[in-house]
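For reference, the chains in residue letters:
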Amino acid sequence: MNIVTSIHMALPDSADNTPPEWIHLTPAGTFGGKDGRGPFTLKDPADVITRSMDMARGKIVVDINHSTHVAAARGERSDAVGWITELNARKDGIWGRVEWNGTGRQLMADHAYRGISPAIGSRPDGTVEWIEAVSLTNRPNLGVTDLHSQNQETRMDLAQLRRTLGLSETATEDDINTAIARGKAAVTLHASVAKAVGLDASASDTAVLAAVQAKGAEVSTHAQTEIASLQSQLTAQKMELDTLQAQLAKTSAESWVKDLKRRKVVSDKAEARLVTLHMQDAASAEDLADSLQDVPDDSLARLSLHSQGTGRSGDKPDKLVSAMESALIPADKAGG
């Protein structure tokens, strides 16, 4: 939102009481009012000049004590004392050429006013955009024109502003400016939040709050669904990993037993027990294998394996099988 602010500049002295043709309207660079208002920055004087003259249709009013903005709003007189018909950018800022009327020339001749207070339009960041009016004044930063945008046709006095903003009757102009700045920030935040939840900037506070809460619930539900999905995927991947590890362990155990049978006498029943034991505890299986009978030669090994694996029903298990079963079966259950 653009802001209209009044500042104060000194009028040049004239020894022969001739009214000044050119008056200094705005400083160059960054500046502020004596009451601390600002800072303002004149970044593009040429653009300010063009915009100002276009908005004023070629003539910027010169009045007394901001009567155009203050007195006119109350239905009181707001006579012009001159018109600025030309603007010029100089090293020290923007100057205006004034066509004084009879009243203006008389006021200048009487030295009735020592300074001027141009009402400048600016962005919220303080960038000067146009000069709206110029007032003769003896009071720096007089008026309330800094509290309103260029599009606001009705301007309120300080008392009305205090009531509107909920301030005490003793609130100063600085208090009013601070309250308005906070209000602008709140409006901007409201519009941003409304847009974020898919509402129009004019949506009520209640509607925006409800939409924000609904959006939060939606995000929470979506997050919970995503977490559950990830947990399910991790569980499935762990099961696949466990299965793969078991397969690798069995393959390794079978390969080890196959190699063992080339050196030791191992029956079919003992072979199955050794595979299981190796999958559970490879070191124990290898210790047990060391106690097995060595294979004398290939033919005897085949005969030994055949005789150990073809016992009659009811025969007691050989010592190797018993040892392996003891290793596999908990001690408190062995022989039960």
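Before reading further, recall that the structure is shown in the block above.
Summarised in this report is the structure supplied together with it. (Residues numbered from 1 in each chain as written. Predicted model: local features only at pLDDT ≥ 70, side-chain atom pairs only at ≥ 80, totals over all residues. Heavy atoms only, no water.)

Once that is clear, we can look at the side chain of H190. The topology assignment puts H190 in helix α4 (residues 173-196). Judged by its relative accessible area of 19%, H190 is buried. Look past the residues within four positions of H190 in its chain and what remains in contact with it is A201, A203, S204, D205 and V208. (Helix = DSSP H or I, 4+ residues; strand = E, 2+ residues; numbered from the N terminus. Buried < 20%, exposed > 50% of the residue type's maximum accessible area, 1.4 Å probe, protein only. Contact = heavy atoms within 4.5 Å.)

The biggest cluster of nonpolar side chains holds 25 residues, and the ones touching the most others in it are L25, V62, I84, L87, V134 and L136. Those residues within four positions of I84 in sequence are excluded, and the remaining contacts are I23, L25, M53, G58, K59, I60, V62, G96, R97, V98 and V134. Among the nonpolar cores identified, the runner-up in size contains 13 residues, and W256, L260, A270 and A285 belong to it. (Core = buried A, V, L, I, M, F, W, Y, C linked by side-chain atoms within 4.5 Å.)

Inspection of helix α1 (residues 45-55) places V48, I49, S52 and M53 among the buried residues, and these make up the whole buried set. With its buried residues spanning 120° around the axis, α1 presents them on a single face. Close packing links the buried residues of α1 with β5 (40-42), β6 (60-64), β7 (82-90), β8 (93-100) and β10 (128-137). Among the residues trailing α1, R57 stands out with phi positive, at a value near 55°. (Arc of directions from axis to C-beta.)

Relative to the assigned elements, T127 resides in the loop between β9 (115-122) and β10. Within polar-contact distance, the side chain of T127 engages the side chain of K43 at 3.4 Å. Leave out the neighbours within four places in its chain, and T127 touches T41, K43, G121 and S122. (Polar contact = N/O pair within 3.5 Å; in protein donor to acceptor, adjacent residues only side chain to side chain.)

Take the pattern of salt bridges next. Summed over all chains, the structure comprises 9 salt bridges. Between E21 and R97 there is a salt bridge, with the nearest N and O atoms lying 2.8 Å from each other. Of this pair, E21 sits in the loop between β2 (9-10) and β3 (22-27) while R97 is found in strand β8, placing the two residues 76 residues apart along the sequence. When the shortest N-O distance is used, the salt bridge between R262 and D259 registers 3.4 Å. (Salt bridge = Lys/Arg side-chain N within 4 Å of Asp/Glu carboxyl O.)

Turning our eyes to something else, we now look at the environment of E169. Looking at the secondary structure, you find E169 in the loop between α3 (158-165) and α4. Taking the C-alpha atoms as reference, E169 lies 7.0 Å from A159; in sequence the two are 10 residues apart.

The next thing to look at is helix α5 (residues 205-260). Across its 56 residues, α5 extends 81 Å between first and last C-alpha, which sits within 8% of the 82 Å expected from 1.5 Å per residue. Listing the buried residues of α5 in full gives V208, A211, A253, W256, V257 and L260. (Expected span 1.5 Å × (residues − 1).)

Right, let's get into a negative patch on the surface. A cluster of acidic residues, D281, E286, D287 and D290, forms a negative patch at the surface. Relative to the helices and strands, D281 resides in the loop between α6 (268-280) and α7 (282-290). (Patch = residues over 30% accessible without salt bridge, like charges linked within 9 Å, V, L, I, M, F, W, Y side chains within 5 Å. Areas by Shrake-Rupley, 256 points an atom, 1.4 Å probe, with all protein chains shown as cover. Lys, Arg positive; Asp, Glu negative; His and termini not counted. Charge placed at Lys NZ, Arg CZ, Asp CG, Glu CD.)

Quick look at the pairing of β10 now. Counting buried residues in β10 gives 9 out of 10 residues, a clear majority hidden from the surface. In the sheet, β6 pairs with β10 via 3 bridges, with the strands oriented parallel. Of the residues in β10, the one forming a bridge with V62 is V134. Where β9 meets β10, 8 bridges bridge the pair, whose relative direction is antiparallel. Considered in β10, the bridge of A119 is made with A133. Where β9 hands over to β10, the hairpin turn is made up of 5 residues, of which G126 adopts a positive phi near 95°. (Pairing = 2+ DSSP bridges.)

We now examine unusual backbone geometry. Even without being glycine, R57 reaches a positive phi, approximately 55°. Accessibility expressed as a relative area gives 81% for R57, which makes it exposed. You will see that N65, though not glycine, has its phi angle at about 50°, which is positive. Among the structural elements, N65 can be located in the loop between β6 and β7. For N65, a relative accessible area of 30% translates into the label partly exposed.

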